[in-house]
Amino acid sequence: EIGVCVLEKGSEIGAHIVSGAVMDPRALCELIPDWKDKGAPLNVEVTEDRFLFLSQTGAKSVPNWALPDNFKNHSNYVISLANLTRWLGQQAEALGVEIFPGFPAAEVLYNEDGSVKGVATGNLGIGKDGEPTENFQLGMELHAKYTLFCEGARGHLGRQLSDKFKLRDGADPQVYGIGIKEL
Ligand SMILES: Cc1cc2nc3c(=O)[nH]c(=O)nc-3n(C[C@H](O)[C@H](O)[C@H](O)COP(=O)(O)OP(=O)(O)OC[C@H]3O[C@@H](n4cnc5c(N)ncnc54)[C@H](O)[C@@H]3O)c2cc1C
């Protein structure tokens, strides 16, 4: 038997999801082909796309045929990613996945051979002065055959793993950009 456990530092699945607005449903179709019947919150299909270059003298529109495919959103959906992840959490729970909201993974645990053994959650109920309150609860260790880290961009455990296992050696440096999006 395989047990699957998800730690989520937010108060519930979806509580810390930053954004995501236009979604390509391809991956969801592969994962849960009958997502429509199951009530996935993808309700608004994209009907029109406009791509503008903004300058001091005004806005110049780019014709759609001239745009690369990843800028074309027909058959994509305008969604709330927080609502979608909440719904995905319910689907996972229905399959027997154990979800622990409000429990951040605080530390990576290693086996003697250096491989990842699991994670430890942080202690709960620490006061502002750093001392345990009456709600103090010691963190727990979760050991697993496989531990998947999906903390989002620049997660702090991910960065530690990246340094320890030199995951970015030989890879292009990360690049950052600033964009503006109107919803
Ligand atoms: C402003 C903005 C607009 C965007 N617009 C779009 C868009 O229109 N279309 C699109 O496709 N994408 C969009 N994106 C990108 C998209 O939101 C991300 O690519 C996607 O959310 C990344 O998913 P993820 O699962 O890797 O990480 P996240 O969605 O960040 O999820 C990480 C989860 O891990 C939890 N977590 C983190 N650390 C820990 C820990 N130590 N212990 C326990 N839990 C932890 C967090 O609480 C969170 O729930 C946008 C992003 C931003 C910021």
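Described below are features of the structure shown in this document. (Residues numbered from 1 in each chain as written. Predicted model: local features only at pLDDT ≥ 70, side-chain atom pairs only at ≥ 80, totals over all residues. Heavy atoms only, no water.)

The next subject is unusual backbone geometry. Trans peptide bonds make up most of the peptide bonds, and negative phi angles are found at most residues other than glycine. A positive phi is found at Arg154, a non-glycine position, where the angle reads about 60°. Within the secondary structure layout, Arg154 lies in the loop between strand 12 (141-143) and helix 3 (156-164). For Arg154, a relative accessible area of 47% puts it in the partly exposed group. (Helix = DSSP H or I, 4+ residues; strand = E, 2+ residues; numbered from the N terminus. Buried < 20%, exposed > 50% of the residue type's maximum accessible area, 1.4 Å probe, protein only.)

Further remarks concern the pairing of strand 9 (residues 116-121). One ladder, built from 5 bridges, connects strand 8 (residues 105-110) with strand 9; its direction is antiparallel. From the neighbouring strand, Tyr110 faces strand 9, where its bridge partner is Val116. The turn linking strand 8 back onto strand 9 is made up of 5 residues, and Gly114 within it adopts a positive phi angle of 95°. The pairing of strand 9 with strand 12 spans 3 bridges and is classified as antiparallel. Directly across from Ala120, in strand 12, lies its bridge partner Glu141. (Pairing = 2+ DSSP bridges.)

Let's shift gears to a nonpolar patch on the surface. A cluster of nonpolar residues, Val22, Val44 and Val78, forms a patch on the protein surface that exposes about 220 Å² of accessible area. Relative to the helices and strands, Val44 resides in strand 3 (residues 44-45). (Patch = residues over 30% accessible without salt bridge, like charges linked within 9 Å, V, L, I, M, F, W, Y side chains within 5 Å. Areas by Shrake-Rupley, 256 points an atom, 1.4 Å probe, with all protein chains shown as cover. Salt bridge = Lys/Arg side-chain N within 4 Å of Asp/Glu carboxyl O.)

A separate point is the packing of aromatic side chains. Tallying each qualifying case throughout the model produces 5 aromatic pairs. Measuring from ring centre to ring centre gives 5.7 Å for Trp35 and Tyr77, while their planes differ by 90°; the resulting arrangement is edge-to-face. Residue Trp35 is located in the loop between helix 1 (26-31) and strand 3, and its partner Tyr77 is located in strand 6 (residues 77-78); the two are separated by 42 residues in the primary sequence. Tyr77 shares its class with Trp35; the two are buried. Taking the centre distance of 4.8 Å and the plane angle of 75° together, the rings of Phe51 and Phe71 count as edge-to-face. (Phe/Tyr/Trp six-rings, centres within 6.5 Å; stacked < 30°, edge-to-face > 60°.)

As a further point, take the sheet that holds strand 3. An order of 2-6-3 is seen for the 3 strands of this open sheet, with the pairing classed as antiparallel. At either end of the open sheet lies a strand with only one pairing partner, and these are strand 2 (22-23) and strand 3. Where strand 3 lies against strand 6, 2 bridges are found, and the strand directions are antiparallel. In the sheet register, Glu45 faces strand 6, and the bridge partner there is Tyr77.

Attention shifts here to the nonpolar core. The nonpolar side chains of a soluble globular protein tend to be buried with one another. Of all hydrophobic cores here, the largest spans 10 residues; its members are Met23, Leu28, Ile32, Trp35, Ala40, Leu42, Tyr77, Ile79, Leu84 and Trp87. Among all residues touching Leu84, those that are not within four sequence positions of it are Met23, Leu28, Pro41, Leu42 and Ile79. (Core = buried A, V, L, I, M, F, W, Y, C linked by side-chain atoms within 4.5 Å. Contact = heavy atoms within 4.5 Å.)

Another point: the side chain of Thr121. Within the secondary structure layout, Thr121 lies in strand 9. Polar side-chain contacts of Thr121 include one of 2.8 Å to the backbone nitrogen of Met140. For Thr121, the residues in contact, after removing those within four places along its chain, are Leu7, Phe103, Pro104, Ala105, Ala106, Gly139, Met140 and Leu142. (Polar contact = N/O pair within 3.5 Å; in protein donor to acceptor, adjacent residues only side chain to side chain.)

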